[in-house]
Amino acid sequence: SWTHGDGMLSLLPSLLLASLTTTTLGFSIMSSGSELTLKSVQEYYGKVLSTSKDLKTSACTASGRPHPVVQKIIKNIPAEVREKFYGCGAPLPLGIEGLRVLDLGSGSGRDCYAAAALVGEKGTVTGVDMTAEQLKVAREHAARYCTETLGYAKPNLQFIEGYIERLEDAGVKAESFDIAISNCVVNLSPDKPAVLKQVYRALAPGGEFYFSDVYCDRRLPKSVQQDEVLWGECIAGALYVNDFLRHARAAGFTDPRVLTSSPIDIVDPALRAITGEAKFFSITYRLFKLPGLLETLCEDYGQGVIYQGTIAGSESAYVLDAGHTFEKGRLALVCGNSAAMVGEDGRSWLAKHFRVIGDRATHFGEFPCHKPPAPAAAAPAAAPAAACAPGNGCC
């Protein structure tokens, strides 16, 4: 698994191999040409960085403040775990009590520790990482944190060594998790389509991949992809947004949703010269595993949803994505995909928090996600969820 941990890329030239075809755990460790190896990333995050102050871009630091509930939890996480944190977002959903959480590239474990508090004593959290230094930090404090800080009878938190491109080799069983999270790690993988397929495999039906990562407004040239520091700073591996959407859909995540997006600053002049006019973004995506329910376009079945206000920290309203905020007790008209994501047929992990009205017996054409739909005659109090935009909501 890729880590966002404690060392960046003061990498030796010997770690760069122009025509490497070696495989590790059955997959190619080079994405193409003279890309950085798994060993390179291990060195950068395991031995070079000391704290986030060593970074040369804003890619590996949080793009926004976590939810107040999460902020409160983070304050009680061991200092060493917090200091080794390098992330580009806050991929920690609320309302996950009792669920099974998998963290890809868990690094020092900060997000895992926070998730352990969010899932409660009946939930479980598993972090996967490939870097020994990071795993050592993560494991060292886990038992005491769970039993003393959280007051649990036994730890609900574990860390395993492995690669996120080959989760089964790390012992991750199919359909064994409800939520997968990841914080600025997928971009470091030389085989991103494999990561998405592995996550889809690991999630139970109704589960979700809720993660933050770095993306670009174009496909990056080789000069950027092969730069050692930019690779470790999560810039060289940034996917062109549209390529990511294609990979996600091919893996089975039919309707990727943007939750938040913010620009990334390249603060080092030398690195800015290499990246040129390319624009980078930290984006938090929500990818739901709902086989048979999600369609490639927004379709109108006359459905509506009502949020019950039952998620602690989001009592008055729930934000599904950048285009959908559901107020407690207020009927909102939605497309079939949005209805599925919040609980149609009881499949989604969010189902217990929503009431879904209507089914798919009658189709009324494409859902007007680019403009607010007309209020339903039979339900004058209904309000459409905020209009979607391509890539930002249900389109």
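Keep in mind that what you see is a predicted model, and the values were worked out from it rather than measured. Counting restarts for each chain: residues are numbered from 1 in the order of the written sequence. At least 70 in pLDDT is required for a residue's local features to be given in this predicted model, at least 80 for side-chain atom pairs to be given and counted, and no such filter applies to totals for whole chains, interfaces and linings, which use all residues. Hydrogen atoms and water are omitted, and side-chain values are computed over all heavy atoms in the structure.

1. Brief notes about the packing of aromatic side chains
The geometry of an aromatic ring pair is captured by the separation of the ring centres together with the interplanar angle, meaning the angle of the planes.
Next, step 1: A pair of aromatic rings is counted whenever rings of Phe, Tyr or Trp (Trp by its six-membered ring) have centres within 6.5 Å, and the orientation is called stacked for planes under 30 degrees apart, edge-to-face for over 60 and tilted otherwise. Tallied over the entire structure, the rule returns 13 aromatic pairs.
Next, step 2: Measuring from centroid to centroid gives 5.1 Å for Y200 and F253, while their planes differ by 80°, and the two rings are edge-to-face. Of this pair, Y200 sits in helix α6 (residues 192-202) while F253 sits in the loop between α9 (241-251) and β9 (257-263), and the two are 53 residues apart along the sequence.
Next, step 3: Ring centres of F244 and Y285 lie 4.6 Å apart, and the angle between their planes is 40°; this geometry places the pair in the tilted category. In this pair, F244 is assigned in helix α9 and Y285 in strand β10 (residues 280-288), connecting sequence segments 41 residues apart. A single burial state applies to F244 and to Y285, both of which are buried.
Next, step 4: Three or more aromatic residues link up through ring pairs in this structure, and these residues are F209, F211, Y215, F244 and Y285.
Next, step 5: A cation over a ring is seen here: R110 above F85, with NZ or CZ 3.6 Å from the ring centre.
Next, step 6: The lysine or arginine in question, K289, covers the ring of Y200, its NZ or CZ lying 4.6 Å from the ring centre. Working definition: helices are DSSP H or I runs of at least four residues, strands are E runs of at least two. Numbering for both runs from the N terminus. Residue burial is assigned from relative accessible area. The probe radius is 1.4 Å, only protein chains are included, and a residue is buried under 20% of its type maximum, exposed over 50%, and partly exposed in between. Sitting over a ring, as applied to charges here, requires NZ of Lys or CZ of Arg to be within 6 Å of the ring centre and within 35 degrees of the ring normal.

2. Some remarks on the layout of surface pockets
Next, step 1: Cavity: a set of points on a 1 Å grid over the protein atoms alone where a 1.4 Å probe fits but cannot get out. Pocket: an open set with protein on both sides within 12 Å along at least five of seven lines, its lining residues, like those of a cavity, having an atom within 4 Å of a point. Grid points are joined across faces, edges and corners, and a volume is the space filled by probe spheres set on the points. Quantified by volume, the largest pocket comes out at close to 510 Å³.
Next, step 2: Contributing to the lining of the largest pocket are 23 residues, with H67, A90, Y210, L259 and T260 lying nearest its centre.
Next, step 3: Only β9, β10 and β12 (317-321) provide two or more residues apiece to the lining of the largest pocket.
Next, step 4: With four residues, the single largest contributor to the lining of the largest pocket is β9.

3. What to know about the packing of α6 against α9
Next, step 1: Inter-axis angles, ranging from 0 to 180 degrees, are taken between N-to-C directions of lines fitted to C-alpha atoms, where helices are fitted over the stretch in contact. Where α6 contacts α9, the axes come no closer than 9 Å and their chain directions differ by 35°. Two packed elements cross with a definite hand, and for α6 against α9 that hand is right-handed. For the pair formed by α6 and α9, the contact residues are P193, L196, K197 and Y200 on the first element and F244, H247, A248 and A251 on the second. Less than a right angle of anticlockwise turn of the near helix away from the far helix marks a crossing as left-handed, whereas a clockwise turn marks it as right-handed. Whether two residues are in contact is decided by their heavy atoms: any pair within 4.5 Å suffices.

4. Remarks on the pattern of salt bridges
Next, step 1: In the sections that follow, a salt bridge refers to a side-chain nitrogen of Lys or Arg positioned within 4 Å of a carboxyl oxygen of Asp or Glu. A complete count under the given rule lists 17 salt bridges for this structure.
Next, step 2: The salt bridge involving E295 is made with R360; its shortest N-O contact spans 3.6 Å. Of this pair, E295 sits in the loop between β10 and β11 (303-307) while R360 sits in the loop between β15 (354-357) and β16 (383-384); the two residues are 65 residues apart in sequence, bridging distant segments of the chain.
Next, step 3: Assessed through its relative accessible area of 22%, R360 is described here as partly exposed.
Next, step 4: Between E327 and R330 there is a salt bridge, with the nearest N and O atoms lying 3.0 Å from each other.
Next, step 5: According to the relative accessible area criterion, E327 is partly exposed, its value standing at 43%.
Next, step 6: It is possible to trace a salt-bridge network through shared partners that takes in R166, E168 and D169.

5. Observations concerning empty space enclosed by the protein
Next, step 1: Here the structure, examined in full by the defined rule, presents three cavities of 30 Å³ or more.
Next, step 2: There is about 100 Å³ of room inside the largest cavity.
Next, step 3: Lining the largest cavity are 14 residues, with F85, G105, S106, D111 and N183 sitting closest to its centre.
Next, step 4: For this classification, the nonpolar set comprises Ala, Val, Leu, Ile, Met, Phe, Trp, Tyr, Cys and Pro, the charged set comprises Asp, Glu, Lys and Arg, and every other residue, Gly included, is treated as polar. Tallied by class, the residues present in the lining of the largest cavity amount to three nonpolar, seven polar and four charged.

6. Structural notes on the packing of helix α4 (residues 110-119) against helix α5 (residues 132-149)
Next, step 1: Across the interface, α4 lies against α5 with an axial gap of 10 Å and an inter-helix angle of 25°. Relative to α5, α4 is oriented roughly parallel. Both α4 and α5 take part in a crossing whose hand is right-handed. Residue-level contacts link Y113, A116 and A117 of α4 to V137, A138, H141, A142 and Y145 of α5. Each angle is binned into one of four classes, with values under 35 degrees roughly parallel, values over 145 roughly antiparallel, values of 65 to 115 roughly perpendicular, and all other values oblique.

7. A closer look at α4
Next, step 1: Judged by how many residues are buried, α4 sits mostly within the fold: nine of 10 residues are covered.
Next, step 2: Considered for burial, the residues of α4 that qualify are R110, D111, C112, Y113, A114, A115, A116, L118 and V119.
Next, step 3: Once α4 finishes, G120 follows within two positions and takes phi at roughly 75°, a positive value.

8. Thoughts on the nonpolar core
Next, step 1: In this structure, L157 and F326 are the most contacted members of the largest nonpolar core, which totals 48 residues.
Next, step 2: Among the elements that take part in this core, α4 stands out by supplying seven residues, more than any other.
Next, step 3: Residue types Ala, Val, Leu, Ile, Met, Phe, Trp, Tyr and Cys, when buried and joined through side-chain atoms within 4.5 Å, form a set referred to as a nonpolar core. Counting residues in each nonpolar core, the second largest holds 31 residues, with L104, V195, A202 and A248 among its members.

9. Considerations on α9
Because the α-helix completes a turn every 3.6 residues, residues three or four places apart line up on one side.
Next, step 1: Three or more residues of α9 are buried, namely D243, F244, L245, A248 and A251.
Next, step 2: Those residues of α9 hidden inside the fold are in contact with α6, β7 (203-216), β8 (239-240) and β10.
Next, step 3: Positioned one or two residues after α9, G252 has a phi angle of 120°, which is positive.

10. A word on the confidence of the model for the chain
Next, step 1: A score between 0 and 100, pLDDT records how confident the predictor is in each residue. On average, the chain scores 84 in pLDDT, and the residues at 70 or more come to 77%.
Next, step 2: Confidence drops under a pLDDT of 50 for residues 371-381, and excluding neighbours within four residues, the segment shows 10 contacts in the predicted structure.

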